[in-house]
Amino acid sequence: FCQLNQKDAGFADMRTAMSIDPDHPEIKEFALQTLRTSAKYYSSGIEAMRIRDYDQAIKAFDLAQQFSSNDFKIILSRAAAHRLAGNLQNALSDIQLATQQFAGNTDFIIDDDNQKSTTLQEPFQLIRQRSLIWNEFALKKMQSLPGLDEALDLFNKVIQAETQL
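Cut-offs applied
- The residue numbering used here restarts from 1 in each chain and proceeds along that chain's sequence as written.
- In keeping with the model being predicted, local features are shown solely for residues with a pLDDT of at least 70 and side-chain atom pairs are shown and tallied solely at 80 or more, while totals for entire chains, interfaces and linings include all residues.
- Just so you know, side-chain values use all the structure's heavy atoms and leave hydrogens and water out.
- The helix count covers DSSP runs of H or I at least four residues long, the strand count covers runs of E at least two residues long, and both are numbered beginning at the N terminus.
- Burial here depends on accessible area, computed with a 1.4 Å probe over protein chains only, as a share of the maximum for the residue type. Under 20% is buried, over 50% is exposed, and the range in between is partly exposed.
- Contacts are assigned to residue pairs with any non-hydrogen atoms lying within 4.5 Å of each other.
- Only the protein chains shown count as covering a residue, and every accessible area follows the Shrake-Rupley method with a 1.4 Å probe.
- Helix axes are fitted only over the stretch in contact, all axes being lines through C-alpha atoms; the angle between N-to-C directions runs from 0 to 180 degrees.
- Here roughly perpendicular refers to angles of 65 to 115 degrees, roughly parallel to angles under 35, roughly antiparallel to angles over 145, and oblique to all remaining angles.
- We call a crossing left-handed when the near helix sits turned anticlockwise from the far one by less than a right angle, and right-handed when that turn is clockwise.
- Charged residues are taken to be Asp, Glu, Lys and Arg, nonpolar residues to be Ala, Val, Leu, Ile, Met, Phe, Trp, Tyr, Cys and Pro, and polar residues to be all remaining types, Gly included.

Asker: Would you mind going over the overall build of the protein chain in detail, with residue names and values included?
Answerer: Helix and strand counts for the protein chain stand at seven helices and zero strands. Going from N to C terminus, the protein chain has its helices and strands arranged as α-α-α-α-α-α-α. Across the 165 residues of the protein chain, 36% fall into the buried class. For the protein chain, long-range pairs separated by at least 24 residues make up 45% of all intrachain contacts whose partners lie at least 6 apart in sequence. For the protein chain, the accessible surface area stands at approximately 10,200 Å², while carbon and sulfur atoms represent 52% of it.

Asker: Outline the packing of helix α2 (residues 25–50) against helix α4 (residues 72–85), supporting the account with residue identities and numerical values.
Answerer: The N-to-C vectors of α2 and α4 enclose an angle of 25°; their axes lie 11 Å apart at closest approach. The angle between the axes of α2 and α4 places the two elements in the roughly parallel class. As for the relative orientation of α2 and α4, their crossing is left-handed in sense. Across the interface between the two elements, Ser-38, Tyr-42, Ile-46 and Met-49 of α2 pack against Lys-73, Ile-74, Ser-77, Ala-80, Ala-81 and Leu-84 of α4. Counted by class, the contact of α2 with α4 contains seven nonpolar, two polar and one charged residues.

Rendered as structure tokens:
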């Protein structure tokens, strides 16, 4: 499937096979290969972040996510890369996706006002990235006079989130 550029179809077939026989040797090997491939791309993304090549990091994290779509740290790392590249809206979208992935169930409720978890404690990395993104948005808003009230609201969210750490 990968060679035919039909990864999605291949993954769908493997998920079906996993539901039938999760202990089948080919299923176990596929899961292991998928994790290895994802880890390889994730490591490439981390290395690109280290040398401040944020566009390359985003591409690597995108590839890693294709092989491990439920890995919270990949999405969180991509959010950081987007933030550092100045793509704040994409960073915020990734934070929202990471929040949903962390939640993983309906027991986790997010309050629209402060993004606070009400049943599970969010990882500090998630809270920190969200705060950094809000901070960047607030700094941009401060540059324009009509945006000062919105900037103040964003700074208050940052302060509230940071007190949770």
